[in-house]
Amino acid sequence: MSINIAIDGPAGAGKSTLARKLAGRIGFIYVDTGALYRAIALYVINENISPEDAGAMEKALGGMRIELKYIGGKQHVLLNGEDVSGKIRTEQVSAMASVVSSRPAVRARLLDIQRDIAKADNVVMDGRDIGTAVLPDADVKIYLTASTRVRAQRRYQQLIGAGEKADLSEIEEEIRRRDERDMTRKTAPLRKADDAVLLDTSGQTPDESLQALIEIINGKIGRKMA
Ligand code: DC
């Protein structure tokens, strides 16, 4: 039986960085499920499909092939055979991913891909509905969050660090909008599973958060994983 660790929470809480580091420390595969929604968003943008058009969406979902591959422990997402791991990281794709992820047909399409990986391997899987919908029987569930302001500041620093232009209040507003959409959608909204442990990273350094995560996991699994 594989061991499954589910990490959910809003955008910018530090989920992907922490989940990746955690997976490396305990020798699990890190599965970034947001990349799957981003791949669908990229397809919808490229093919000029309106996400509101249920018929067009159904046809598109039926026609696209989405795969996750792990090369040297690093996740790659393939859309109809093309590695789109780089192309899915734009702000335009982020916004569209939030829109398409509210469509029940999109969520249903991605369920088996996620469950199959978790069944086959020990995983740290991050997303929005992993503990509540994808892996309700996960061995450990963590809900990672931070204040809106802190999350906006982190994103701002990332963009500035990458030499891009950024406006803090615009970023904060965009985060608020995404939270609102992700938390109020009808299908699998972002929420803490009843049996998830809440970890607020607002006042923590990444190392402190990682240490807190490892302690939660050691406690839940009942042995020292790292
Ligand atoms: O984690 P991310 O920013 O790459 O996620 C992109 C979008 O996909 C985000 O708006 C929420 C959505 N998402 C989701 O609904 N369920 C998941 N398991 C992962 C992501």
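Refer to the structure printed above.
Since this is a predicted model, take the numbers as computed values, not measurements.

Caption draft 1: Expanded view of the layout of surface pockets. Approximately 200 Å³ is the volume attributed to the second largest pocket. As for the second largest pocket, its lining consists of Met1, Ser2, Asn4, Ala118, Lys119, Val134, Leu135, Pro136, Asp137, Ala138 and Asp139. Tallied by class, residues from the lining of the second largest pocket come to 6 nonpolar, 2 polar and 3 charged.

Caption draft 2: Region of the structure containing the site of the ligand. Close to the ligand lie 15 residues, the nearest being Arg38, Arg107, Arg128, Arg178 and Arg185. Taking arginine 38, its side chain carries an N or O atom lying 2.6 Å from an oxygen atom of the ligand. Considering the ligand on its own, with 450 Å² of exposed area, one finds that the protein chains cover 94% of that surface. For the shell around the ligand, the secondary structure elements donating two or more residues are helix H2 (34–46), helix H4 (91–100) and helix H8 (168–184).

Caption draft 3: Here's a closer look at helix H3 (residues 54–63). Residues Met57, Ala60 and Leu61 constitute the buried set of H3. Down the axis, H3 shows its buried residues gathered within 100 degrees of arc, on one side only. When the buried face of H3 is taken as reference, the exposed residues oriented beyond 90 degrees from it are Gly55, Glu58, Lys59, Gly62 and Gly63. Taken together, the buried residues of H3 touch H2, H4 and helix H5 (104–120).

Caption draft 4: Main features of the sheet that holds strand E7 (residues 140–145). Overall, parallel pairing links the 5 strands, which are arranged E2-E6-E1-E7-E8 in an open sheet. The strands lining the two open edges of the sheet, one partner per strand, are strand E2 (29–32) and strand E8 (197–200). On average, adjacent strands in this sheet sit at an angle of 20 degrees to one another, irrespective of strand direction. Of the pairings in the sheet, the one linking E2 to strand E6 (residues 123–127) comprises 4 bridges and is parallel in character. The partner of isoleucine 29 across the bridge, within E6, is valine 123. Packed onto the sheet, helix H9 (residues 206–221) meets strand E1 (4–8), E7 and E8 and runs at close to 155 degrees relative to E7.

Scoring rules and cut-offs
- Residues numbered from 1 in each chain as written.
- Predicted model: local features only at pLDDT ≥ 70, side-chain atom pairs only at ≥ 80, totals over all residues.
- Heavy atoms only, no water.
- 1 Å grid on protein atoms, 1.4 Å probe; cavity = no way out; pocket = protein on both sides within 12 Å on 5 of 7 lines; lining within 4 Å.
- Points joined across faces, edges and corners; volume = space filled by probe spheres on them.
- Nonpolar A, V, L, I, M, F, W, Y, C, P; charged D, E, K, R; others polar.
- Near = heavy atom within 4 Å.
- Polar contact = N/O pair within 3.5 Å; in protein donor to acceptor, adjacent residues only side chain to side chain.
- Areas by Shrake-Rupley, 256 points an atom, 1.4 Å probe, with all protein chains shown as cover.
- Helix = DSSP H or I, 4+ residues; strand = E, 2+ residues; numbered from the N terminus.
- Buried < 20%, exposed > 50% of the residue type's maximum accessible area, 1.4 Å probe, protein only.
- Arc of directions from axis to C-beta.
- Contact = heavy atoms within 4.5 Å.
- Pairing = 2+ DSSP bridges.
- Axes fitted to C-alpha atoms, helices over the stretch in contact; angles between N-to-C directions.

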